[in-house]
Each structure stands twice: as C-alpha cells, then as structure tokens.
Amino acid sequence: MADKIYRVDMSNLSFKIEDVPDEWMGLGGRGLTSTIIAAEVDPECHPLGPNNKMVFAPGLLSGTSAANSGRNSLGLKSPLTGGIKESNVGGTIAGVMAKLGVKALIIEGIPKDDSTFYHIHVSQNKVEIVACPELVGKNNYAVLDAMEEKYNKKVAVMTIGLPGEQKMLISNISVRDPKGKLRSHGRGGTGAVMGSKKIKCITVDAAKFNESGASIVDPEKFKAASKIFTKALQDNPISGEGLPAFGTNVLVNIINEAGGLPSHNFRSGFSENAEEICGETMAENIKERGGNTTHGCHQGCVIQCSQTYNDKEGNYLTSGFEYEMIWAFGANFGIKDLDQIAKIDALMDDLGVDAIETGVTIGLAVDAGLIEFGDGKRAFEILEKDVAGGTPLGRIIGSGAGNLGKLYGLVRVPVVKNQSIPAYEPRAIKGQGITYVTTPMGADHTAGYAVATNILNSGGHVDPLSKEGQVELSRNLQIASAAVDSTGMCIFVAFPALDEPECLPALIDMINARFGISLGVDDVMNLGKNILKTEHEFNLKAGLTSADDRVPEFMKYEALPPHNAIWDFTNEEIDEFWNF
Amino acid sequence: MSITITVKLFAQYRDGLFKVKEMTFPKGSTAIYVIDEIGIDHSKLPIGVLMVNGVHVEEDFVLENGNVFTIFPKVGGG
Ligand code: SF4
C-alpha cells in the first residue's frame, strides 16, 4: 500500500488522508519536513499563531530492518529562533509511523475552543481528535502511563509537559522509547508550538500495522547492503566500542583537554570539575551500582550510546544521560555531583524541557544574580516549582538564555539566532563555531559536527584553533548531515561514514533497494544541498539576514582561556559559506 | 639527560594503568615512544587523539620537559 500524508486541522478538529504529491515522493525525514514547511507555512507567520504547522516525518529507511534507522523528524517555524526548525529524535514513533504507511503527519490550525487540550490518535486510515481534560496539568510520565493503560505497551507516544502547555521556549516534545523512557524532539521551543495548537499528546497505534515492516522493492539487495552497513557500524572504534562503553559523555575530558569545554557561563574553555562528571566516572558508577552502559533509544540501534544510571543504593535515577546535559549543569553551571545532575535530568525529562536551552539559561541566571554557581538543589527547585508552576521566575527561565540576557541587561549571552550555544566553545573549536552561525537552525551542534574533525580526528584533522579550512569543513558536514537526517539514521552513523569507506555507499544502496531507484553519492549530496538552501531561503523570507549568522559579540573581544582564543572570522569569510 | 612530563590517560586506556602520572623519559622521546613505554596496547584499541598542552600533535612529536601529554583512544559522541 502506498504511503500517505495524514493531515489534521485543529481549527475544526478534522483530518484528511492525501496521496503523496510526486515532488515529495523521494523525500523523507528532514528533507520532507523542511520542504513541506517551506511550501505551506508563511515565513512571516507568528510561530505560535494559527498559520504555523507541525510536520512529523519518519526517515526514508525508518520502519525497515536497517540498523539505527528509527529517527523521526519534526519541522516547524521555531518560536525561539524565528526561523525554520528540524528536530529529530529516536524512540518508537518513526518505526510505527513508517509501518503504518504515514509518510508525514501534518498538523495545522488552532482550535476555536481553546479552553482545553486535545489528544490525537493516529491509526490505520483514521485520526481521532478528542478533548483530554484529564491529562491537562500532567507531566510526561503520567501521560505515558495513561496511554499505555488505554492502548498497549507498544503504542508510540509524543507528549508535552507543563512547560509545553504554557508555551515556554525551553519546552520540547517528548517521545516514548522502547523501554518506556523519554527522548526529545528538542531545541527551538517545539513543545511551545504543540502547546499553542492545544495538543497534549499524539499517539500512533502499533497494534495493527504491517509487522514485516515498511515495503521494500528489492529485498535481496537491501539485505546485502544492510549487512555491510551494520558491520561498518560495529567495526568502527567509535560507534563499535567508545559509544557503547562510555556514552556521549566520554566527550567531557577530550573537549576539556582541548580547551573547548565552556565553563562558568562561557568564561573559560577548561573546567576543574571534569573528572567528577566525565564519562569515565559515569561508567565506573554504572558498573558499581548495577545500571547499564548500553541502551538503544530506538529499536534496531546497534550502537546503543544511551544508558541507565542508578544512585548509590542502586535505585534508578535516569537514562539517556547525555554529554550536553552533563556539560551544561556540570561544567557550565558548576554542579560537581553527577547524581545531582542525574536527578535534574530525570525531572527535565518529565517536564519536557530542553537540556541545552534550559542548562545554558540556568548558567546565565548566575550572572543575573538569580542563583548561586553550582547550586543544584536550587536549580531543581526552580525547575520543579517555578518553571512547572509558571511563576514569573519560571517564565523568565522558561524563555531561554537570549531573553533572560535581555531582561537582565547581560552582555555575555551565549546564543546564535537566540538559541543557546551547546557544549563546544566556538572560539576554541572554530569549525563548530562556523556551524553554529551558519546553520539555519540557530546554534545547533548536530547540524554539522565539526568537532569530529577538529577534535576527534574523525575524517582527518583540521586544527580547531585556526580559521583555515573551517568554512569548507562545516559546509561539507552540514550538507552530509542534512542528507543523513533525511534517511532516519541517527547522527552517530557519521563516525563510521567519515572513516569507513564502505559505510556511505551501503547506506545509499539500502535507500535504492527500498524504493527501486538508483541514487549515487552525488545525488545524495545534492539532496543535502537542496535541503540547506530551502531552509536558508525560508529564514531569509522570515526576516533573518546574514547579520544573524554571527557569534555573540563578546566572543570577538574576550579571549578564552586556556588558549586565549578569540573569534576572528570576518563577515565575508562567514558569508562565503552559502556559496555552493 | 631526561625530561619529566605529566601523562594523562583516558577512556579504555585507563584500564589497568592510571589516570594521571608524572613520568621521566630520555630527552628526545617521541609521543609514540612514550605510549609504548607506558604499555598501552594500541593494536587492539587504536590511538585516537594525542595532545600536548591542549594542542593536537602527531605520533612523532618530540616531547619537552614540563609538557602535559594527553592520550585518548578513538572516542566520539555528539
Ligand atoms: S546511537 Fe544513541 S542516539 Fe543513536 S540511535 Fe542508538 S541510542 Fe539512539
């Protein structure tokens, strides 16, 4: 059965199931979400108004047996950046949608009666939209429990917590993973857009789908390519050994040693706390306390970078305990106790707030005089009471770092396009800085992970402290990432793809076998280029200009220890990025 | 003549060895010489990143007295 577009109109609580237009046929994931947003959303619309849309789309290989292919993309106009957003996530949603034959789920409009929230349930050829007053005011895990009880343990769930209901810019859309924990459609205030449409949760029925998976034109060819691809993932030292053993948090030490770990609200690139919060310490704790270093955020992940983390008594604290979270609360805000960060992480999962945006905002709140450096207890309290409860303080934190900085007259505000800069210092890891300023997403590390080549020696080495070669590096990575984000593959396939020559061709062969087409590497790169250009054009029409492709000014005159690095690119050098 | 340097090990390279140690080597010692002297088995777990005083170096880099030498296997994340 051919895939369909499922379209929900919240203004009259109706739905339509449409054929896929020819020009969208070969697209999936980010390629599809960005194309639909650009085609259907007025770039000048208010992101929280009736004319913004949400588009959910599984990747081209989601729902198949391909390893690590279960990522789902969400597209919308971001209320944080004012530009286009693509956010992708693991969990069970992509696989279930693909198996149901949902090429994309488009949600538009705002209900006339906004006195309550709604639950959208998608099943084969049907969408139910029902008021759910009983879920209003609940956080994510309570919603998951209610949905598992109502349907079954396999139902795919996307939900917002209290901050999303209140349209806070730090809020995410949370997605159920195979073990009933949460992952996030993060960054850019995605939860606020769902809140503005008065949608509390979206479920997709897994009871009656095509068990054999998404349709494949040439199964033999697919199987052969899939085998090569999986082997490349397993043989690569990073995806095969490092990530399963230590998780992403292995980065704390290497980024710190390179002088690129933003600390004390971006005052230094080196943190004295690193040993206490690093991946090695975390792995030791997990071993001692009987957690698990490996956990997949979706079915079919052979890398398993995620983990379950317990307290000293062996009681579960959190899972999916990522480097960015630990950096933000450990190095940048200064909490020395990994367990305390884990408790905050679990709370933030339940509330559905973004690790990076929330963490950077709390770090900046120190400069605003709202909290003491390293006071994790108070941070927990502010999130639990003020942010969830929507007090004025909670609203200030809930508005993100850029807005907090404006309210308190601060100058050292680490944002690009109003979105918080993640865990890699642009001054000391310059290729990553180019990604932050040029990506249409606002400061986003996954858009073109130049850290790989600047610091980790993946795909060669480009000196992180020199300007030389960074624009080209970031451009190539952003083009490749846009393409990979369309396949449904997790971003960590980038490591084998950079270093194992057979990896990328095998990935492309799987796409070809699934759809009976014959793309080459060039076609895939062209797809990536087109996606970037489509997104950039949307932003220009939305009113963003090249003056928004800049680091915060303080990075140009404050030298960052230990290398005393400053941001020294000229505007012309940065703008050269778009010449392709 | 000899040099004294601070050696820092990370990730799997710590197993059975150490986290950080002051060590003395003959003058002119290269990065790879020190790695082999310490007993890191890089045939099994390939060397990922070497830094001296926070700056990336190659295996043939000649260490100097007072250097901080950090040694990582292949690691990644994001
Ligand atoms: S490697 Fe990590 S992020 Fe990627 S799919 Fe597996 S668990 Fe999820």
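Being a predicted model, the structure only gives us computed values, none of them experimental.

Peer 1: What should I look at first to understand the overall build of chain B in this one?
Peer 2: Counting secondary structure elements, chain B contains 1 helix and 5 strands. Counting helices and strands in the order they occur from the N terminus, chain B gives β-β-α-β-β-β. In terms of C-alpha radius of gyration, chain B reaches 12 Å, essentially the compact-globule figure of 12 Å for 78 residues. Summarising its shape, the C-alpha atoms of chain B cover approximately 40 × 25 × 20 Å along the three principal directions. Per-residue burial over chain B gives 54% buried out of 78 residues. Considering only contacts in chain B between residues 6 or more positions apart, those separated by 24 or more positions represent 52%. By element, 51% of the accessible surface of chain B is carried by carbon and sulfur atoms, the whole surface being about 3700 Å². Averaging the coordinates of the 7 positive side-chain charges in chain B and doing the same for the 9 negative ones gives two points 9 Å apart.

Peer 1: For this particular structure, what's the right way to read the overall build of chain A?
Peer 2: Tallying secondary structure elements over chain A gives 24 helices and 17 strands in all. Compactness check: chain A gives a C-alpha radius of gyration of 22 Å against a globular reference of 25 Å for 580 residues, within 12% of the reference. Structurally, chain A occupies a C-alpha span of about 60 × 55 × 50 Å along its principal axes. Relative to its full complement of 580 residues, chain A shows a buried share of 64%. At a minimum sequence separation of 6, the contacts of chain A that also span at least 24 residues come to 71%. Carbon and sulfur atoms make up 50% of the accessible area of chain A, which totals about 19200 Å². Between the mean site of the 53 positive side-chain charges and the mean site of the 73 negative ones, chain A shows a separation of 5 Å.

Peer 1: Help me understand the packing of aromatic side chains in this model?
Peer 2: In this description, an aromatic ring pair is defined by two values, namely the gap between the centres and the angle between the planes. All names here are of chain A. With the rule as written, the count across this model stands at 12 aromatic pairs over all chains. Pairing Tyr 323 with Tyr 424 gives two aromatic rings, centres 5.4 Å apart and planes at 45°, and the pair type is tilted. Pair noted here: Tyr 323 is in helix H11 (residues 323-332) and Tyr 424 is in the loop between strand S17 (419-420) and helix H17 (430-438), with a separation of 101 residues, a long-range link. The buried category is assigned to Tyr 323, whose relative accessible area is 0%. Residue Tyr 424 is classed as buried on the basis of its relative accessible area, which comes to 0%.

Peer 1: Explanation requested: the interface of chain B and chain A in the structure shown.
Peer 2: Put simply, an interface is often sized by how much accessible area is lost when its parts join up. Contact with chain B, which involves 22 residues of that partner, is made by 34 residues of chain A. Carbon and sulfur atoms supply 61% of the area buried between chain B and chain A, which totals about 2100 Å² over both sides. When the buried area of chain B at its contact with chain A is split by residue, B:His56, B:Lys74 and B:Gly78 rank highest and sum to 29% of it. At the junction of chain B with chain A, the criterion picks out 4 salt bridges. Taking the shortest distance from any N to any O, the salt bridge between A:Glu275 and B:Arg14 comes out at 2.9 Å. The interface formed by chain B and chain A includes 8 residue pairs in polar contact (both at pLDDT 80 or more). Going through the elements one at a time, strand S3 (47-52), strand S4 (55-56) and strand S5 (68-73) of chain B are the ones with two or more residues in the side of chain B that touches chain A. Here the side of chain B that touches chain A takes 3 residues from S3(B), the largest share from any one element.

Peer 1: What should I look at first to understand the pattern of salt bridges in this one?
Peer 2: Oppositely charged side chains can pair when the atoms bearing their charge come close. All names here are of chain A. Enumeration over the complete set of coordinates arrives at 31 salt bridges over all chains. Across the pair Glu 148 and Lys 153 runs a salt bridge, and its minimum N-O distance is 3.2 Å. For Lys 153, a relative accessible area of 60% translates into the label exposed. For the salt bridge of Glu 165 with Lys 200, the shortest nitrogen-to-oxygen distance reads 2.7 Å. You can see Glu 165 sitting in helix H4 (residues 162-165) and its partner Lys 200 sitting in strand S12 (residues 199-204), a full 35 residues away along the chain.

Peer 1: How should I be thinking about the domain arrangement of chain A in this particular structure?
Peer 2: Residues and elements named next belong to chain A. Parsing chain A into structural domains produces domain 1 (4-204), domain 2 (244-424) and domain 3 (426-499 + 519-580). The C-alpha-based centres of domain 2 and domain 3 are spaced at 23 Å. With both chains or domains summed, domain 2 and domain 3 bury close to 2300 Å², and 67% of this area falls on carbon and sulfur atoms. The interface formed by domain 2 and domain 3 holds 2 salt bridges in total. The shortest N-O distance in the salt bridge between Asp 549 and Lys 417 comes to 2.7 Å. Summed over the shared surface of domain 2 and domain 3, the number is 12 residue pairs in polar contact (both at pLDDT 80 or more).

Peer 1: Whenever I open this one, a negative patch on the surface confuses me. Can you help?
Peer 2: A cluster of acidic residues, B:Asp36, B:Glu37, B:Glu58, B:Glu59 and B:Asp60, forms a negative patch on the protein surface. Inspection of the secondary structure puts B:Asp60 in the loop between S4 and S5.

Peer 1: Would you take a moment to explain helix H6 (residues 219-235) of chain A for this structure?
Peer 2: For an α-helix the count is 3.6 residues per turn, leaving residues at separations of three or four pointing the same way. Residues and elements named next belong to chain A. Its 17 residues give H6 an end-to-end C-alpha distance of 24 Å, which sits within 8% of 24 Å, the value for a rise of 1.5 Å per residue. Looking only at H6, the buried set comprises Phe 222, Ala 225, Ser 226, Phe 229, Thr 230, Ala 232 and Leu 233. Angular distribution of buried residues about the axis of H6 spans 155°; they occupy a single face of the element. Across from the buried face of H6, at angles greater than 90 degrees, the exposed residues are Glu 220, Lys 223, Lys 227 and Lys 231.

Peer 1: What should I look at first to understand the pairing of strand S7 (residues 118-123) of chain A in this one?
Peer 2: For a regular strand, side-chain orientation follows a simple rule: the groups alternate between the two sheet faces. Residues and elements named next belong to chain A. The element S7 is extensively covered by neighbouring structure, given that 6 of its 6 residues are classed as buried. Of the two faces of S7, both are covered, the one formed by Tyr 118, Ile 120 and Val 122 as well as the one formed by His 119, His 121 and Ser 123. Strand direction decides the pairing type here: S7 and strand S8 (residues 126-131), joined by 6 bridges, are antiparallel. Each bridged residue has a counterpart across the sheet, and for His 121 the counterpart in S8 is Glu 128. In textbook terms, the turn of a hairpin is the stretch between consecutive antiparallel strands, and for S7 and S8 this stretch comprises 2 residues, one of which, Asn 125, has a positive phi near 60°.

Peer 1: Honestly, the packing of H11(A) against helix H12 (residues 338-351) of chain A in this entry has me stumped. Any pointers?
Peer 2: If you want to describe how two helices pack, look at the angle between their axes and the distance between the axes. All names here are of chain A. Running from N to C, H11 and H12 cross one another at 120°; their axes reach a closest spacing of 10 Å. As judged from the angle between their axes, H11 and H12 are oblique. Seen from above, H11 lies across H12 with right-handed handedness. Between H11, through Met 325, Ile 326, Phe 329 and Gly 330, and H12, the contact on the second element is made entirely by Leu 338, Ile 341, Ile 344, Asp 345 and Met 348. Grouping the constituent residues of the contact of H11 with H12 by class yields 7 nonpolar, 1 polar and 1 charged.

Peer 1: Mind showing me how you'd approach the sheet that holds strand S3 (residues 53-58) of chain A here?
Peer 2: Hydrogen bonding along the main chain pairs the strands of a sheet, whether they run parallel or antiparallel. Residues and elements named next belong to chain A. Spatially, the 6 strands line up as an open sheet ordered S2-S1-S6-S3-S4-S5, and their pairing is mixed. Because the sheet does not close on itself, it has two edges, and the strands there are strand S2 (14-19) and strand S5 (84-89). Between one strand axis and the next, the sheet turns through 20° on average, direction left out of account.

Peer 1: Just to check I follow, could you spell out helix H10 (residues 279-289) of chain A for this structure?
Peer 2: All names here are of chain A. Along H10, 8 of the 11 residues are buried, which leaves the element largely enclosed by surrounding structure. Along H10, the residues classified as buried are Gly 279, Glu 280, Thr 281, Met 282, Ala 283, Asn 285, Ile 286 and Arg 289. Residue Gly 290 follows H10 closely and has a positive phi angle near 75°.

Analysis parameters
- Residues numbered from 1 in each chain as written.
- Chains lettered and ligands numbered in written order.
- Predicted model: local features only at pLDDT ≥ 70, side-chain atom pairs only at ≥ 80, totals over all residues.
- Heavy atoms only, no water.
- Helix = DSSP H or I, 4+ residues; strand = E, 2+ residues; numbered from the N terminus.
- Rg over C-alpha atoms; globule rule 2.2 N^0.38 Å.
- Buried < 20%, exposed > 50% of the residue type's maximum accessible area, 1.4 Å probe, protein only.
- Contact = heavy atoms within 4.5 Å.
- Areas by Shrake-Rupley, 256 points an atom, 1.4 Å probe, with all protein chains shown as cover.
- Lys, Arg positive; Asp, Glu negative; His and termini not counted.
- Charge placed at Lys NZ, Arg CZ, Asp CG, Glu CD.
- Phe/Tyr/Trp six-rings, centres within 6.5 Å; stacked < 30°, edge-to-face > 60°.
- Buried area = accessible area lost by both parts, 1.4 Å probe.
- Salt bridge = Lys/Arg side-chain N within 4 Å of Asp/Glu carboxyl O.
- Polar contact = N/O pair within 3.5 Å; in protein donor to acceptor, adjacent residues only side chain to side chain.
- Domains from an automatic or database assignment.
- Patch = residues over 30% accessible without salt bridge, like charges linked within 9 Å, V, L, I, M, F, W, Y side chains within 5 Å.
- Expected span 1.5 Å × (residues − 1).
- Arc of directions from axis to C-beta.
- Pairing = 2+ DSSP bridges.
- Axes fitted to C-alpha atoms, helices over the stretch in contact; angles between N-to-C directions.
- Parallel < 35°, antiparallel > 145°, perpendicular 65-115°, else oblique.
- Left-handed = near helix turned anticlockwise from the far one by under 90°.
- Nonpolar A, V, L, I, M, F, W, Y, C, P; charged D, E, K, R; others polar.

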